[in-house]
Amino acid sequence: MRMFAVAGVFLPLAAAQSAVFTHIEASADHTTLESALNKVTAVKDALADANGPFTMVAPTDAAFTAALPELGIAAADAATLLDRADLGEILKYHVLSTTAKVNPLTAGDMTTVQGMTATVTVSTDTPPVTKVVGSNSDGVTISSSADVGTTNSEEHAVHVCTDRILLPKPVYQVASEATSTFSTLVAALDTAGLADVKTGLGLQNGGALHTVFAPTNDAFAAYLAARGIDSDTLLADGELANIVKYHILAGKVMAADVATGEVDTLYGAAGKLSLVKGTSTVTVDGVTVASEVLAGNGVIHQIPSVLMPNVVEVAKGSSDFSNLVEAVGAAELVDTLTGAGPFTVFAPTNAAFDAYLAKVGKTMDELKADKDALAALLKYHVLPTEVMLGDATTSTPASVEGSTLDLVKTGADLTVNGVAVAAGTANKQAGNGVVHVIGEVLEIPAASTPTKNVVELAVDNSLANLVSALEEVPALKTLLEGADKHTVFGPTDTAFAAAVSALGEDDLAGVLGRADLAEILEYHVVVEETKAEALVAGDVMSFQGTNIPVTVDGAKKMVDGAEVTTADVMATNGVLHVINQVMLPPSVAETLGADNDFSILVEALEAAQLTATFGWANKGGAMHTVFAPTDAAFQALIDGDASIENKAALLALPNLADILKYHVVSGKVMAAGLTDGEVDTLHSTAKLTVTDAGSAPKINGNAVATADMPAGNGVIHKIGVVLSVPADASTDTETSGAAAYGLAVVLAGIVGRMC
């Protein structure tokens, strides 16, 4: 076949011979079709014989006239049809993509040069009635057919229709027919607030082309679950129109034509989508496009998430926030407020800013001149959590600036510092939070004496999961409710949710039930009051006993990789810093790996597939006490036994896991907690013997070289020998009894010589 561009990419051939166009041009009944092809020269030129053969459905002038109402065009106004942006798509839909002319047409689905399918039906009447069906289920009726071609060959087929033109299904129809995938999106388009958008995605839209990044039903279900609302609430949401518009671009952009960069949406110039073209994928706002569905007036890109403008874009989308947007830019807070969040922004209107400027006797330029003071003022309007109007409670949460806001909830009504949050202009949903409109600029209160302890502040600052965790560790909760000063790094609820998988748990309940929960929480506590200004690069000692690394990047403070999102929430007994991650102290596995004295032990644990036992992704959070032989101890074992040629041979021992388990006791037992006598190990039968526990403890008669090396999920006691499994102990590994016994005897002899 001589190729004709299928996806709408045509190579114009100037003055190329086209028997199809010549045939149309010679017909007195096809003047509108002739004019349309002359209007869209790319289609006309592509009909050159060299690109054929072609099978074309050719509407007459009467067919074009009959189609005008279907396209929302007044009767006898064909000129408007010829000016439509989608005229090329319509014309290409009339050309069937075939390897040879098809005459007569046969029943079945046929791909058009436009890329979409048209369906041919042939009745059983005599003579049979042939129709081609597109967007209109009635289809177009073929009244006559002809073979056309060059002088020496009739290689093309032209099928004439007189009742209407063949129209490809528009975006709205394509989506509405895919009920299992896009029914929620279609229900949204059917709401009154999106009537204009629905029209724009239909046939009667003046010919505009659109690109829709379409969330699936599953994507909407996840969005509803995240917001805690049902579909009826979503469809009644005043922000729904903006959410949907944020998913739609003007023009048709196929995946192959995507260019990396920001593009405007129907939401407005403020709501830009970020497109990234990879080698084999396209992402939009970080979400990977799953598939591409053609429509007659555009294209649908299926995506697995609902996209949302950020809080800054929400503000930019309304002219009533121009002062706020200007102030955010001047204070260099755009990057902060376009970050992951989540945030709650109490957004003063332009009138509120005007009143505030009059009150303080400043112009907007004078307000912007003091960038630090302006930044503090704006941060005072932002909470580091998402608080929907319906979820708000009477409380005093800390703002991003650090001072507290006074929220009062009376029935369904909410005030912030006495300023009403009107229900009609609240809950402007954003991808990284929510915006509530307020009629006054909130002023930062003068410093006051704290009245609540750290735990009470955690409640006020919507750190519900942290509070629930403290309930599981009553001793720590009591400590933090007491008079002694402490610093608490409080993870957000979102941070706790993210920690579920990192800890190998199924849900938050699993996290709260872990045996090592107290260790994790204690790692978030410092035994003194440390304000943000005192957090400098280096380490601070946690109440848990291991150091918390602190890094500073400009104004950003990081503790063990977690960002302090709200600093210096002052309590009667210290200070609370809100952070965006749950911090995990070094695990036993990590602590061993960081000590050069234990490199062989680390390799042995890996070879025995025991490393995960001492890591964080350990469901249930079991803690362990490890009597850890040094590299020198392992080398002495290798040197003392001719049958263990080298380290590789040691790591290949069939019951290596038994040996290692014999060095581990369940639970966290500090040196002071050791008592004389036998103690169970992870080995199924072998026990360790502790002596001299009250002074210099010995394990199986061997002194502990360094005791109480702290880890997040246990403790390590360094020893200078590899402990031998008793010869009469059973083996946990699948090895012969003789082999297990032989190895135990060898180890007993070696260790005996070492002692």
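1. Observations concerning the overall build of the chain
Here comes step 1: Scanning the chain from terminus to terminus reveals 30 helices and 36 strands.
Here comes step 2: Taken over C-alpha atoms, the radius of gyration comes to 37 Å for the chain, far larger than the 27 Å a tight globule of 755 residues would show.
Here comes step 3: Taking the principal axes of the C-alpha coordinates as reference, the chain spans close to 115 × 80 × 45 Å.
Here comes step 4: In the chain, which comprises 755 residues, the proportion classed as buried is 50%.
Here comes step 5: A separation of at least 24 residues holds for 66% of the contacts in the chain among residues at least 6 apart in sequence.
Here comes step 6: Summing over all exposed atoms, the chain offers an accessible surface of approximately 31500 Å²; the carbon and sulfur share of this is 53%.
Here comes step 7: Side-chain charges in the chain split into 38 positive and 87 negative, and the spacing between the mean points of these groups amounts to 3 Å.

2. Considering the nonpolar core
Here comes step 1: Ranked by size, the top nonpolar core spans 43 residues in total, and within it F213, V284, L307 and L378 carry the most contacts.
Here comes step 2: Here L378 is in contact with L324, A327, V328, A331, L333 and F353, once residues within four sequence places are set aside.
Here comes step 3: If you look at the next biggest cluster of nonpolar residues, it comprises 42 residues, including L96, A175, Y223 and I243.

3. Considering the pattern of salt bridges
Pairing is possible between side chains of opposite charge, provided their charged atoms come close.
Here comes step 1: Overall, the coordinates contain 23 salt bridges when judged by the stated rule.
Here comes step 2: The salt bridge partner of D460 is K452, with a shortest N-O separation of 2.6 Å.
Here comes step 3: Using a relative accessible area of 27% as the deciding quantity, one classes K452 as partly exposed.
Here comes step 4: Where D506 meets K619, a salt bridge forms, and the shortest distance between an N and an O atom there is 2.5 Å. Of this pair, D506 sits in the loop between α22 (493-502) and α23 (508-512) while K619 is found in the loop between α26 (599-607) and β30 (624-629), placing the two residues 113 residues apart along the sequence. Take D506 and K619: they sit in the same class, and that class is exposed.
Here comes step 5: It is possible to trace a salt-bridge network through shared partners that takes in E89, K92 and K252.

4. Details of helix α2 (residues 31-39)
Side chains three or four residues apart in an α-helix point the same way, a direct result of the helix having 3.6 residues per turn.
Here comes step 1: Here α2 has its buried residues at T32, L33, E34, A36 and L37.
Here comes step 2: Those residues of α2 that are buried are in contact with α1 (19-25), α3 (41-46), β1 (55-59), α4 (61-67), α5 (78-82) and α6 (87-93).

5. Notes on the sheet that holds strand β33 (residues 687-691)
Within a sheet, each strand pairs with its neighbour through backbone hydrogen bonds, oriented either parallel or antiparallel.
Here comes step 1: Pairing is mixed across the open sheet formed by 7 strands, whose spatial order is β31-β30-β36-β35-β34-β33-β32. For this open sheet the edge positions go to β31 (664-666) and β32 (677-680), each flanked by a neighbour on one side alone.
Here comes step 2: Across 2 bridges, the pairing between β33 and strand β34 (residues 698-699) is antiparallel. Directly across from V690, in β34, lies its bridge partner I699.

6. Details of empty space enclosed by the protein
Here comes step 1: Scanning the model with the defined rule gives 8 cavities of 30 Å³ or more in all.
Here comes step 2: Quantified by volume, the largest cavity comes out at close to 140 Å³.
Here comes step 3: In this structure, the largest cavity is lined by 15 residues; those nearest its centre are A315, L324, V328, L337 and V345.
Here comes step 4: Take the lining of the largest cavity: its biggest share by element is 4 residues, from strand β16 (residues 343-348).
Here comes step 5: When its residues are assigned to classes, the lining of the largest cavity shows 14 nonpolar, 1 polar and no charged.

7. Digging into the packing of helix α14 (residues 322-330) against helix α18 (residues 371-379)
Here comes step 1: The N-to-C vectors of α14 and α18 enclose an angle of 125°; their axes lie 9 Å apart at closest approach. Between α14 and α18, the interaxial angle falls into the category oblique. Two packed elements cross with a definite hand, and for α14 against α18 that hand is left-handed. Of α18, the residues touching α14 (which contributes L324, A327, V328 and A330) are K371, L374 and L378.
Here comes step 2: Across the contact of α14 with α18, the residue classes break down as 6 nonpolar, no polar and 1 charged.

8. A word on the layout of surface pockets
Here comes step 1: Approximately 1100 Å³ is the volume found for the largest pocket.
Here comes step 2: Around the largest pocket sit 34 residues that line it, and T336, K379, E563, V564 and T565 are the ones nearest its centre.
Here comes step 3: Mapped by element, the contributors of at least two residues to the lining of the largest pocket are α15 (334-337), α18, β27 (556-559) and β28 (562-571).
Here comes step 4: It is β28 that provides the largest number of residues to the lining of the largest pocket, a total of 6 residues.
Here comes step 5: Class assignment of the residues belonging to the lining of the largest pocket gives a composition of 13 nonpolar, 8 polar and 13 charged.

9. Description of the packing of aromatic side chains
Here comes step 1: Taken as a whole and judged by the stated rule, the model has 1 aromatic pair.
Here comes step 2: With a centroid separation of 6.1 Å and an interplanar angle of 80°, the aromatic rings of Y246 and Y267 are classed as edge-to-face. Of this pair, Y246 sits in the loop between α12 (240-245) and β9 (248-250) while Y267 sits in the loop between β10 (261-265) and β11 (268-277), and the two are 21 residues apart along the sequence. In this pair, the class of Y246 matches that of Y267, namely buried.

10. With respect to the confidence of the model for the chain
Here comes step 1: Of all residues in the chain, 93% have pLDDT values of 70 or greater, and the mean over the chain is 87.
Here comes step 2: Predicted confidence is poor over residues 1-15, with pLDDT under 50, and the contacts of this stretch with residues over four places away or in other chains come to 31 contacts.
Here comes step 3: Overall, residues 733-755 carries pLDDT values under 50, and its contacts beyond four positions in sequence, including any with other chains, amount to 34 contacts.

11. Comments concerning helix α20 (residues 464-472)
Here comes step 1: Among the residues of α20, N465, L466, V467, A469 and L470 are the ones counted as buried.
Here comes step 2: Buried positions along α20 lie against α19 (454-460), α21 (474-481), β23 (486-491), α22, α23 and α24 (517-522).

12. With respect to the sheet that holds strand β3 (residues 108-111)
Here comes step 1: Spatially, β2-β1-β7-β6-β5-β4-β3 is the arrangement adopted by the 7 strands of the open sheet, whose pairing is mixed. Of all strands in the sheet, those bounded by a partner on one side alone are β2 (95-96) and β3.

About the criteria used
Residues numbered from 1 in each chain as written. Predicted model: local features only at pLDDT ≥ 70, side-chain atom pairs only at ≥ 80, totals over all residues. Heavy atoms only, no water. Helix = DSSP H or I, 4+ residues; strand = E, 2+ residues; numbered from the N terminus. Rg over C-alpha atoms; globule rule 2.2 N^0.38 Å. Buried < 20%, exposed > 50% of the residue type's maximum accessible area, 1.4 Å probe, protein only. Contact = heavy atoms within 4.5 Å. Areas by Shrake-Rupley, 256 points an atom, 1.4 Å probe, with all protein chains shown as cover. Lys, Arg positive; Asp, Glu negative; His and termini not counted. Charge placed at Lys NZ, Arg CZ, Asp CG, Glu CD. Core = buried A, V, L, I, M, F, W, Y, C linked by side-chain atoms within 4.5 Å. Salt bridge = Lys/Arg side-chain N within 4 Å of Asp/Glu carboxyl O. Pairing = 2+ DSSP bridges. 1 Å grid on protein atoms, 1.4 Å probe; cavity = no way out; pocket = protein on both sides within 12 Å on 5 of 7 lines; lining within 4 Å. Points joined across faces, edges and corners; volume = space filled by probe spheres on them. Nonpolar A, V, L, I, M, F, W, Y, C, P; charged D, E, K, R; others polar. Axes fitted to C-alpha atoms, helices over the stretch in contact; angles between N-to-C directions. Parallel < 35°, antiparallel > 145°, perpendicular 65-115°, else oblique. Left-handed = near helix turned anticlockwise from the far one by under 90°. Phe/Tyr/Trp six-rings, centres within 6.5 Å; stacked < 30°, edge-to-face > 60°. pLDDT = per-residue confidence, 0-100.

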